[in-house]
Amino acid sequence: MSILVGIIGKPNVGKSTFFSALTENPVEIADYPFTTIESNKGVTYIRSRCPDTELGKKCNPNFGRCVNGTRLVPVELIDVAGLVPGAHEGKGLGNKFLDDLRRADGFIQVIDSTGSLDQNGNPVGKGKYDPLADAEFVHKEIVLWLTNILSDGLIRNLRKIESEGGKLDAIIYEKISGLGIDQKDVSLAVKNAAIPSNLRNWDDQVTIRLAEEIIRLSKPGIIVATKGDKIDSNEASKLIEREALVVSGDYELVLRKASKAGLIDYFPGDESFRVADEGRLNAAQREALKKVSDFMVHNRGTKTQQAVEYLVYNVLKMIVVYPVEDENHWTDKNGNVLPDAVLMKQGSTAIDLAYKVHSDLGERFIRAVNGRTKRVLGRDYVLEDGDVIKIVAAR
Ligand SMILES: Nc1nc2c(ncn2[C@@H]2O[C@H](COP(=O)(O)OP(=O)(O)OP(=O)(O)O)[C@@H](O)[C@H]2O)c(=O)[nH]1
Ligand SMILES: [Mg+2]
């Protein structure tokens, strides 16, 4: 039920470190290219204000947790192998592994803020490479990956339309049905891609344009410049001006580990932490935490947690909605308070929520009820962030 975010980028930039910090899954991390071969999958949690504070009762989440009114909503992450220019022609590990990202709702492209790695992820010396130069080729490789998927059997499909009729957007939609893309985005992409009216004039450039439009409309992403702990504030400002988010995945990893070991109190996304017991830290730990703390002061946190939240809330434009079975007590049938927190696109309606909870609930939808006002809501009611909703369905 949760959404999926793909972590992509050239080799060695810090994708797995970023992933490991966010999911707390131990994965292989090393300072050479192609450390990751098989994708890593895990779950991270983004913050949302939980309605349980209004109720004066603690919630019982089926997934995630709630800490003092901050609900942690699960988001799946997948960390894949590094992409290099020409991956679509088989360079590096190729781009087949991108198939693991078919279902992704959005991408986080990780870049190396220190500019120390060439396009293949090999060290070239600090500042020798423009960190943002990756953005272009990585985007291109993603587009070419989708182009390959679209091209498979395409000519045959086009000839069929010519001879038997049929709608182009419906056929394209079917081709990419496993990619979790909305039909309306496909239709819009088909409109925007300047497709020749005579389908005989369709060439590879048309397929690329179409792939580009589909990615732009349906798989948006952000750029995260990691290793932010290794650059000065001037360099960081320049990256921020160019719309990259400066983070330190490595420092977030240190914080999560220290927190797990009980050495510090740290809530992911906070701009600072507190040492639990100075006496338990050895000299090396004290020094490491001092460095992390200094960085957090001028970067306002490690920004690792914030990066995912920014993608989900601001770029994918999602809200959190709480479906319940009892609109008075905000519980499920077993009495669990606010058991589910569901991420939905802004503009989603009551019927969309019903289908999201269970296709059966969507099919048998009668009405919804607002848990706060107890007002009856129709299928087209547009959901708001934090809504508590009961769906009434036919038996
Ligand atoms: N200082 C610092 N080093 C980092 C950071 N993130 C990653 N690194 C280091 O960069 C190197 C590569 O990190 P990985 O996370 O393995 O990079 P990757 O992008 O997954 O690499 P591939 O799987 O080979 O594509 C390792 O030596 C990490 O310790 C960071 O935020 N700060
Ligand atoms: Mg990796």
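Residues numbered from 1 in each chain as written. Chains lettered and ligands numbered in written order. Predicted model: local features only at pLDDT ≥ 70, side-chain atom pairs only at ≥ 80, totals over all residues. Heavy atoms only, no water.

**Focus: the coordination of the magnesium ion (ligand 2)**
No. 1: At 2.0 to 2.1 Å from the magnesium ion (ligand 2) lie its protein donor atoms, namely Ser16 (OG) and Thr36 (OG1). Of this pair, serine 16 sits in helix H1 (residues 15-23) while threonine 36 sits in the loop between H1 and strand S2 (40-49), and the two are 20 residues apart along the sequence. Here the two residues serine 16 and threonine 36 agree in accessibility, since each one is buried. (Donors = N, O, S within 2.8 Å, 3.2 Å for Na, K, Ca; no water. Helix = DSSP H or I, 4+ residues; strand = E, 2+ residues; numbered from the N terminus. Buried < 20%, exposed > 50% of the residue type's maximum accessible area, 1.4 Å probe, protein only.)

**Here we look at the packing of H1 against helix H9 (residues 249-260)**
No. 1: At a closest axis distance of 8 Å, the pairing of H1 and H9 adopts a crossing angle of 30°. Between H1 and H9, the interaxial angle falls into the category roughly parallel. Seen along the crossing, H1 lies across H9 with a hand that is left-handed. Along the contact surface, H1 presents Thr17, Phe18, Ser20, Ala21 and Leu22, while H9 presents Gly249, Asp250, Glu252, Leu253 and Arg256.
No. 2: Along the lines of polarity and charge, the residues of the contact of H1 with H9 split into four nonpolar, three polar and three charged. (Axes fitted to C-alpha atoms, helices over the stretch in contact; angles between N-to-C directions. Parallel < 35°, antiparallel > 145°, perpendicular 65-115°, else oblique. Left-handed = near helix turned anticlockwise from the far one by under 90°. Contact = heavy atoms within 4.5 Å. Nonpolar A, V, L, I, M, F, W, Y, C, P; charged D, E, K, R; others polar.)

**What to know about the layout of surface pockets**
No. 1: Taken as a whole, the largest pocket spans an internal volume of roughly 810 Å³.
No. 2: If you go around the largest pocket, you meet 28 residues; those closest to its centre are Asp105, Gly180, Asp182, Met318 and Lys345.
No. 3: The leading source of residues in the lining of the largest pocket is helix H12 (residues 350-357), at four residues.
No. 4: Grouping the amino acids of the lining of the largest pocket by side-chain chemistry returns 14 nonpolar, six polar and eight charged.
No. 5: A domain-level breakdown of the lining of the largest pocket finds at least three residues from each of domain 1 (4-39 + 80-143 + 220-311) and domain 2 (317-393).
No. 6: If you add up the space inside the second largest pocket, you get close to 590 Å³.
No. 7: Taken together, 34 residues line the second largest pocket, and the ones lying closest to its centre are Asn12, Val13, Gly14, Ala30 and Lys227. (1 Å grid on protein atoms, 1.4 Å probe; cavity = no way out; pocket = protein on both sides within 12 Å on 5 of 7 lines; lining within 4 Å. Points joined across faces, edges and corners; volume = space filled by probe spheres on them. Domains from an automatic or database assignment.)

**Details of the nonpolar core**
No. 1: Core analysis: the biggest nonpolar cluster contains 40 residues, and Leu146, Ile172, Ile176, Leu210 and Ile214 have the highest contact counts within it.
No. 2: Mapped by element, the contributors of at least two residues to this core are strand S1 (4-8), helix H3 (133-151), helix H4 (154-164), helix H5 (168-175), helix H6 (183-192) and helix H7 (204-218).
No. 3: Examining the composition of this core, we find that eight residues originate from one element, H3, more than from any other.
No. 4: What isoleucine 172 contacts, discounting residues up to four positions off in sequence, is Leu150, Leu154, Val186, Val190, Leu210 and Ile214. (Core = buried A, V, L, I, M, F, W, Y, C linked by side-chain atoms within 4.5 Å.)

**What to know about the packing of H6 against H7**
No. 1: Across the interface, H6 lies against H7 with an axial gap of 9 Å and an inter-helix angle of 135°. As summarised for this structure, H6 and H7 are arranged oblique, according to the angle between their axes. Crossing hand, H6 versus H7: right-handed. Contacts between H6 and H7 pair Asp185, Leu188, Ala189, Val190 and Asn192 from the former with Leu210, Glu213, Ile214, Arg216, Leu217 and Ser218 from the latter.
No. 2: Looking at the contact of H6 with H7 residue by residue, the classes come out as six nonpolar, two polar and three charged.

**A few points about the domain arrangement of the chain**
A common way to express how large an interface is: the accessible area buried when the components associate.
No. 1: What the domain assignment reports for the chain is domain 1 (4-39 + 80-143 + 220-311) and domain 2 (317-393).
No. 2: Domain 1 and domain 2 are separated by 36 Å when their C-alpha centres are compared.

**Quick notes on the pattern of salt bridges**
Working definition: two side chains of opposite charge can pair if their charged atoms are close together.
No. 1: One pass over the full model with this rule turns up 20 salt bridges.
No. 2: Across the pair arginine 103 and glutamate 76 runs a salt bridge whose closest N-O atoms are separated by 3.4 Å. Note that arginine 103 is positioned in the loop between strand S4 (70-79) and strand S5 (106-112) and glutamate 76 in strand S4, a separation of 27 residues in sequence.
No. 3: Residue arginine 103 is classed as partly exposed on the basis of its relative accessible area of 42%.
No. 4: Classification of glutamate 76 as partly exposed rests on a relative accessible area of 23%.
No. 5: Via salt bridges that share partners, Glu24, Glu252, Arg256 and Lys260 belong to a single interconnected network. (Salt bridge = Lys/Arg side-chain N within 4 Å of Asp/Glu carboxyl O.)

**Digging into H12**
No. 1: Among all positions in H12, only Ala350, Ile351, Leu353 and Ala354 are buried. Seen end-on, H12 carries its buried residues on one side only, within an arc spanning 155°.
No. 2: For H12, the secondary structure elements touched by its buried residues are strand S10 (318-324), strand S11 (342-345), helix H13 (359-363), strand S12 (365-370) and strand S14 (388-393). (Arc of directions from axis to C-beta.)

**Here we look at the site of ligand 1**
No. 1: With respect to spatial proximity, 23 residues lie near ligand 1, and among them Lys15, Thr17, Phe34, Thr35 and Asp229 are the closest.
No. 2: The separation between an oxygen atom of ligand 1 and a polar main-chain atom of alanine 30 is 3.2 Å.
No. 3: Taken by itself ligand 1 offers 650 Å² of open surface, and the protein chains cover 90% of this.
No. 4: Among the cavities detected, the one that contains ligand 1 is the second largest pocket.
No. 5: Those elements giving two or more residues to the shell around ligand 1 turn out to be H1 and H9.
No. 6: Broken down by element, the shell around ligand 1 gets its largest block of residues, three residues, from H1.
No. 7: Grouping the amino acids of the shell around ligand 1 by side-chain chemistry returns seven nonpolar, 10 polar and six charged. (Near = heavy atom within 4 Å. Polar contact = N/O pair within 3.5 Å; in protein donor to acceptor, adjacent residues only side chain to side chain. Areas by Shrake-Rupley, 256 points an atom, 1.4 Å probe, with all protein chains shown as cover. Sits in = over half its atoms within 2 Å of the grid points.)

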